[in-house]
Amino acid sequence: MLENIKWLGHAGFKISGEKTIYIDPWQLKREKEPADLILVTHEHFDHCSKEDIAKIRKNDTVIVTIAACAKELAGQIKTVKPGDMLTVQGIPIEVVSAYNVNKFRSPGVLYHPKEDAKVGFIVTVKGVRIYHAGDTDFIPEMRDIKTDVALLPVSGVYVMTAGEAVEAAAAINPKVAVPMHYGSIAGSAADAERFKRLSSVEVQILTPQG
C-alpha cells in the first residue's frame, strides 16, 4: 500500500501513480521530478516553501492550498478551506481541519489555532485513500476520517506527541500509519519508534528520500 508513497523528510511526501503529487515539499535535495499537483497544508516556512515548490513546478502544475499560503506563491493555484471537496487533474481531494488544542506559542496562544483554518488533505490514488494530517493535534474531526493510509505527525512541540498520535491512529483506524514531522525542526527517530511500539494499528517507518 505504501509502494507509491515516498517520505521526503519532515512533513513532505511524494505520491506517485496516476499523477505525481507532492505534499508540503521542503528542503528538497535529490527529488526534482516535476509535479502535476502540489498540496500545501499551511503557510509556515517548513510547509509552504517557495524555493522547493519552484524546483518541481511546471507550467501546468496545480497548487492546492489555503489563502495564507496562496498569496506567497505563483502559478495555477486553487484556494481551499476545511470541508472543501474537489477533483484536480483527476485526483479526488478532501480538505480537513488541522489545528492545535494544547501546543502553545505563548500562554493562551496556540501555534496552529483552529480559526486560522489550516488544513490536512485526503487524496485518493489508485483507489487508496491517503490522509496527510498537516500540523495538528489529535482533534475530534479525526474520528470521522476514513482512510487507508494515515500520515501523522509525532514530534510534539508544534504537533501531536507520539503518544497523542497513538490515540489519533486508534480513532482513525487506517490500514497503516506512517509517522512524520520529526528529525529536523522537532522530534527524532525515537518518537517514530515510540509511535510504532505503542500503536494498535500497523505502523511503517519510512526512510527519508528527499
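Provided above is the structure to which this section pertains.
Quantities reported herein were computed from a predicted structural model and do not represent experimental measurements.

Thoughts on the overall build of the protein
Now for step 1: In terms of helices and strands, the protein carries four helices and 14 strands.
Now for step 2: Here the C-alpha atoms of the protein give a radius of gyration of 15 Å, agreeing with the 17 Å that 2.2 N^0.38 yields for 210 residues.
Now for step 3: By principal-axis analysis of the C-alpha atoms, the protein measures approximately 45 × 40 × 30 Å.
Now for step 4: Residues counted as buried form 55% of the 210 residues belonging to the protein.
Now for step 5: Considering only contacts in the protein between residues 6 or more positions apart, those separated by 24 or more positions represent 57%.
Now for step 6: Summed over all atoms, the accessible surface of the protein reaches about 8800 Å², with 49% contributed by carbon and sulfur.
Now for step 7: Considering the protein, the positive charge centre built from 25 side chains and the negative charge centre built from 26 side chains are found 3 Å apart.

Structural notes on the environment of glycine 120
Now for step 1: Within the secondary structure, glycine 120 is located in strand β11 (residues 119-125).
Now for step 2: Beyond its immediate sequence surroundings of up to four residues, glycine 120 is in contact with Thr41, Glu94, Val95, Val96, Ser97, Ala98, His132, Ala133 and Gly134.

Remarks on the packing of aromatic side chains
Now for step 1: For the structure on display, the rule yields three aromatic pairs.
Now for step 2: Here tryptophan 7 and tyrosine 182 contribute two aromatic rings whose centre-to-centre distance is 5.0 Å and whose plane-to-plane angle is 35°, an arrangement assigned as tilted. Of the two residues, tryptophan 7 sits in strand β1 (residues 5-9) while tyrosine 182 sits in the loop between β14 (176-180) and α4 (189-198), which places them 175 residues apart along the sequence. For the pair formed by tryptophan 7 and tyrosine 182, the shared burial category is buried.
Now for step 3: When the centroid spacing of 5.9 Å and the interplanar angle of 75° are considered together, the rings of tryptophan 26 and phenylalanine 45 count as edge-to-face. Taken together, the residues tryptophan 26 in the loop between β3 (21-23) and β4 (37-40) and phenylalanine 45 in the loop between β4 and α1 (50-56) connect sequence positions 19 residues apart.

Observations regarding the pattern of salt bridges
Now for step 1: Evaluation of the coordinates by the stated rule reveals 12 salt bridges.
Now for step 2: A salt bridge links glutamate 33 to lysine 14, with the nearest nitrogen and oxygen atoms 2.2 Å apart. Of this pair, glutamate 33 sits in the loop between β3 and β4 while lysine 14 sits in strand β2 (residues 12-15), and the two are 19 residues apart along the sequence.
Now for step 3: With a relative accessible area of 5%, lysine 14 lands in the buried category.
Now for step 4: Because the salt bridges share partners, they merge into one network encompassing Asp36, Lys58 and Asp60.

Things to note about the sheet that holds β11
Now for step 1: Reading across from one edge, β7-β8-β11-β12-β13-β14 is the order of the six strands in this open sheet, with mixed pairing throughout. The strands lining the two open edges of the sheet, one partner per strand, are β7 (85-88) and β14. In this sheet, adjacent strand axes meet at a mean angle of 20° when their direction is disregarded.
Now for step 2: Sheet analysis places strand β12 (residues 128-132) next to strand β13 (residues 149-153), joined by three bridges and oriented parallel. By the bridge assignment, tyrosine 131 is partnered in β13 with alanine 150.

Description of unusual backbone geometry
Now for step 1: At asparagine 173, a residue that is not glycine, the phi angle is positive and equals roughly 55°.
Now for step 2: For asparagine 173, the position within the fold is in the loop between α3 (162-172) and β14.
Now for step 3: Phi angles above zero are rare outside glycine, and histidine 181 is one such case at about 60°.
Now for step 4: Within the element layout of this structure, histidine 181 appears in the loop between β14 and α4.

Rules used in this analysis
- Residues numbered from 1 in each chain as written.
- Predicted model: local features only at pLDDT ≥ 70, side-chain atom pairs only at ≥ 80, totals over all residues.
- Heavy atoms only, no water.
- Helix = DSSP H or I, 4+ residues; strand = E, 2+ residues; numbered from the N terminus.
- Rg over C-alpha atoms; globule rule 2.2 N^0.38 Å.
- Buried < 20%, exposed > 50% of the residue type's maximum accessible area, 1.4 Å probe, protein only.
- Contact = heavy atoms within 4.5 Å.
- Areas by Shrake-Rupley, 256 points an atom, 1.4 Å probe, with all protein chains shown as cover.
- Lys, Arg positive; Asp, Glu negative; His and termini not counted.
- Charge placed at Lys NZ, Arg CZ, Asp CG, Glu CD.
- Phe/Tyr/Trp six-rings, centres within 6.5 Å; stacked < 30°, edge-to-face > 60°.
- Salt bridge = Lys/Arg side-chain N within 4 Å of Asp/Glu carboxyl O.
- Pairing = 2+ DSSP bridges.
- Axes fitted to C-alpha atoms, helices over the stretch in contact; angles between N-to-C directions.

Everything listed is a geometric property; what it means functionally is a separate question.
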